[in-house]
Amino acid sequence: MTDRTSTEANRFDYHEELPADKERVWSLLQSYSHIPRDEIESHLRDIYFNILECLKSGGVLLDAGCAFGYILRQIAIDDAPAANLIGIDLQRGFLDLGYDLFKDRDTFEGKSLASDLLNPDDHSLDVINDTVDVSHAAALFHLFDWEDQVSLGTRQVKFFKKDAKQAMIVGRQIGTL
Ligand SMILES: C[S@@+](CC[C@H](N)C(=O)[O-])C[C@H]1O[C@@H](n2cnc3c(N)ncnc32)[C@H](O)[C@@H]1O
């Protein structure tokens, strides 16, 4: 492997420690949320562990716009029951590529649903209304204008169990493009 290739490959490695360019987020959590600096990392990790605990006790997580579904596989390998995981993507091909990539078409117990989250006439997702506790969306909201973002958020909320005690929407989006 050439130096250049190995440098590029390293960009996608898993890093045990969080990257150095975390300062702005750290400052915000420290100054705004008053979390002591040495507790920020465990605070963030606790949120993920709380989600895992929720799933282990029967909670359901949805990944909206999941593409290959790598988040779902990570959660499954972190010991949450895969049967409590749902992935939705507009492109059936991405869901299929996920099965090919992870070689788990016959073993992954989560649901992979191909559907348009923005189409109000698509009722194929109604079966998961009132079933979800945690809704994850990454690199999804920033694809849309404000109106569609509101529709997407509204759709996510419809998936929540009516009696969900700690319904949560989590993920990451880009603020500006
Ligand atoms: C930028 S990718 C992000 C994929 C993944 N969440 C990630 O973080 O790598 C956005 C994904 O959202 C899906 N998507 C876009 N519009 C959608 C819609 N209306 N309903 C469902 N999925 C949609 C795309 O097919 C694509 O897989």
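Everything that follows concerns the structure shown earlier in this document.
Residues numbered from 1 in each chain as written. Predicted model: local features only at pLDDT ≥ 70, side-chain atom pairs only at ≥ 80, totals over all residues. Heavy atoms only, no water.

*Asks:* Would you mind going over the nonpolar core in detail, with residue names and values included?
*Replies:* Of all hydrophobic cores here, the largest spans 15 residues; its most connected members are Leu 62, Ile 86, Ile 88, Leu 117, Val 132 and Phe 159. Elements represented by at least two residues in this core include exactly β1 (61-64), β2 (85-89) and α6 (146-159). Once you skip the residues sitting within four places of it in the chain, Val 132 turns out to touch Val 60, Leu 62, Ile 86, Phe 159, Phe 160, Lys 161 and Ala 164. Ranked by size, the runner-up nonpolar core spans 12 residues in total, among them Ile 51, Leu 55, Leu 72 and Phe 108. (Core = buried A, V, L, I, M, F, W, Y, C linked by side-chain atoms within 4.5 Å. Buried < 20%, exposed > 50% of the residue type's maximum accessible area, 1.4 Å probe, protein only. Helix = DSSP H or I, 4+ residues; strand = E, 2+ residues; numbered from the N terminus. Contact = heavy atoms within 4.5 Å.)

*Asks:* I'd love a proper account of the environment of Val 157, names of residues and values included.
*Replies:* Looking at the secondary structure, you find Val 157 in helix α6. Spatially, the C-alpha atom of Val 157 lies 8.9 Å from that of Asn 129, the residues being 28 residues apart in sequence.

*Asks:* Before we move on, could you go through a nonpolar patch on the surface and cite the residues and values that matter?
*Replies:* Taken together, Phe 68, Tyr 70, Phe 94, Leu 97, Leu 101 and Phe 102 make up a surface patch of nonpolar side chains, about 530 Å² in accessible area. Per-element accounting of the nonpolar patch gives the leading share, 4 residues, to helix α5 (residues 92-102). (Patch = residues over 30% accessible without salt bridge, like charges linked within 9 Å, V, L, I, M, F, W, Y side chains within 5 Å. Areas by Shrake-Rupley, 256 points an atom, 1.4 Å probe, with all protein chains shown as cover. Salt bridge = Lys/Arg side-chain N within 4 Å of Asp/Glu carboxyl O.)

*Asks:* Please give an account of the packing of helix α2 (residues 23-31) against helix α3 (residues 40-56) that cites residues and values.
*Replies:* Two numbers describe a pair of packed helices, the interaxial angle and the distance between the axes. Across the interface, α2 lies against α3 with an axial gap of 11 Å and an inter-helix angle of 90°. Classed by the angle they form, the pair α2 and α3 counts as roughly perpendicular. Facing α2, whose interface residues are Trp 26, Leu 29 and Gln 30, α3 presents Ile 40, Glu 41 and Leu 44. Looking at the contact of α2 with α3 residue by residue, the classes come out as 4 nonpolar, 1 polar and 1 charged. (Axes fitted to C-alpha atoms, helices over the stretch in contact; angles between N-to-C directions. Parallel < 35°, antiparallel > 145°, perpendicular 65-115°, else oblique. Nonpolar A, V, L, I, M, F, W, Y, C, P; charged D, E, K, R; others polar.)

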